[in-house]
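Understanding the architecture of this molecule
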Amino acid sequence: MTSAAASGSPVDGILATATIVLSLVLAAWALVAAVRNRPPDQAQFAGLALLELGLLALTAVALVALSGGESPGEPGAFFGYLVTLVCLPPLAWVLARMEPTRWGSAIVCAICLVAPVVVVRLQQTWEAVGG
């Protein structure tokens, strides 16, 4: 039942996988910077921008599916996760800019570890059977 639901989910597939991988790579990169006592650099910020573009594309795919008549199993939770997801990279950028020390890199790392969890929860709330 799960594989059938997953195959029809607009938030599951190559785009979701790409955003998860990008987020985890960026988290590892930021962790190395934090351990080396380095503040966030332009490359980390560029990675956050690229992640945001991927998440916006994932959001657009979900919204197109919604406008086409599909609906998530848990609409309230789905929209909550969707809004949270697109806010994470800008939040990381702002907080890391406010903290130009190793802790700024740690902030980027932490938020980039949260993003894949939210993508998976987004997938789960789409696939949930309401009732």
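The structure reproduced in this document is the subject of the present report. What you see is a predicted model; the values in this text were computed from it and never measured.

**Description of the overall build of the chain**
- Scanning the chain from N- to C-terminus turns up five helices and zero strands.
- Moving toward the C terminus, one meets the helices and strands of the chain in the order α-α-α-α-α.
- For the C-alpha atoms alone, the extent of the chain along its principal axes is close to 50 × 25 × 20 Å.
- The 131 residues of the chain split such that 38% are buried.
- Taken as two groups, the 5 positive and 7 negative side-chain charges of the chain have centres that lie 20 Å from each other.

**Structural notes on the environment of Ala43**
- Within the element layout of this structure, Ala43 appears in helix α3 (residues 42-67).
- When the C-alpha positions of Ala43 and Ser9 are compared, they lie 33 Å apart, and in sequence the two are 34 residues distant.

**Notes on the environment of Ala27**
- Among the structural elements, Ala27 can be located in helix α2 (residues 14-35).
- Linking Ala27 and Gln44, residues 17 residues apart in sequence, is a C-alpha distance of 9.3 Å.
- Every residue in contact with Ala27, bar those within four places of it in the chain, is listed here: Cys109, Cys112 and Leu113.

**Topic: the packing of aromatic side chains**
- Overall, the coordinates contain three aromatic pairs when judged by the stated rule.
- Ring pairs connect the aromatic residues Phe78, Phe79 and Trp126, which therefore count as one cluster.

**A few points about α3**
- Across its 26 residues, α3 extends 37 Å between first and last C-alpha, which sits within 8% of the 38 Å expected from 1.5 Å per residue.
- Within α3, burial applies to Gln44, Phe45, Gly47, Leu48, Leu51, Glu52, Gly54, Leu55, Leu58, Thr59, Ala62 and Ala65.
- Where α3 ends, the next residue or the one after it, Gly69, has phi of about 105 degrees, a positive value.

**Considering the environment of Asp12**
- Along the polypeptide, Asp12 turns up in the loop between α1 (2-7) and α2.
- Separated by 3.3 Å, the side chains of Asp12 and Gln123 make a polar contact.

**So, the packing of helix α4 (residues 75-98) against helix α5 (residues 102-127)**
- Contact pair α4 / α5: the axes reach a minimum separation of 9 Å and the direction vectors enclose 170 degrees. Relative to α5, the element α4 lies roughly antiparallel. Between α4 and α5, the residues in contact are Ala77, Phe78, Tyr81, Leu82, Leu85, Leu88, Leu91, Ala92, Leu95 and Ala96 and Gly104, Ile107, Val108, Ile111, Val114, Ala115, Val118, Val119, Arg121, Leu122, Thr125 and Trp126, respectively.
- Of the residues in the contact of α4 with α5, the class split is 19 nonpolar, two polar and one charged.

Scoring rules and cut-offs
- Residues numbered from 1 in each chain as written.
- Predicted model: local features only at pLDDT ≥ 70, side-chain atom pairs only at ≥ 80, totals over all residues.
- Heavy atoms only, no water.
- Helix = DSSP H or I, 4+ residues; strand = E, 2+ residues; numbered from the N terminus.
- Buried < 20%, exposed > 50% of the residue type's maximum accessible area, 1.4 Å probe, protein only.
- Lys, Arg positive; Asp, Glu negative; His and termini not counted.
- Charge placed at Lys NZ, Arg CZ, Asp CG, Glu CD.
- Contact = heavy atoms within 4.5 Å.
- Phe/Tyr/Trp six-rings, centres within 6.5 Å; stacked < 30°, edge-to-face > 60°.
- Expected span 1.5 Å × (residues − 1).
- Polar contact = N/O pair within 3.5 Å; in protein donor to acceptor, adjacent residues only side chain to side chain.
- Axes fitted to C-alpha atoms, helices over the stretch in contact; angles between N-to-C directions.
- Parallel < 35°, antiparallel > 145°, perpendicular 65-115°, else oblique.
- Nonpolar A, V, L, I, M, F, W, Y, C, P; charged D, E, K, R; others polar.

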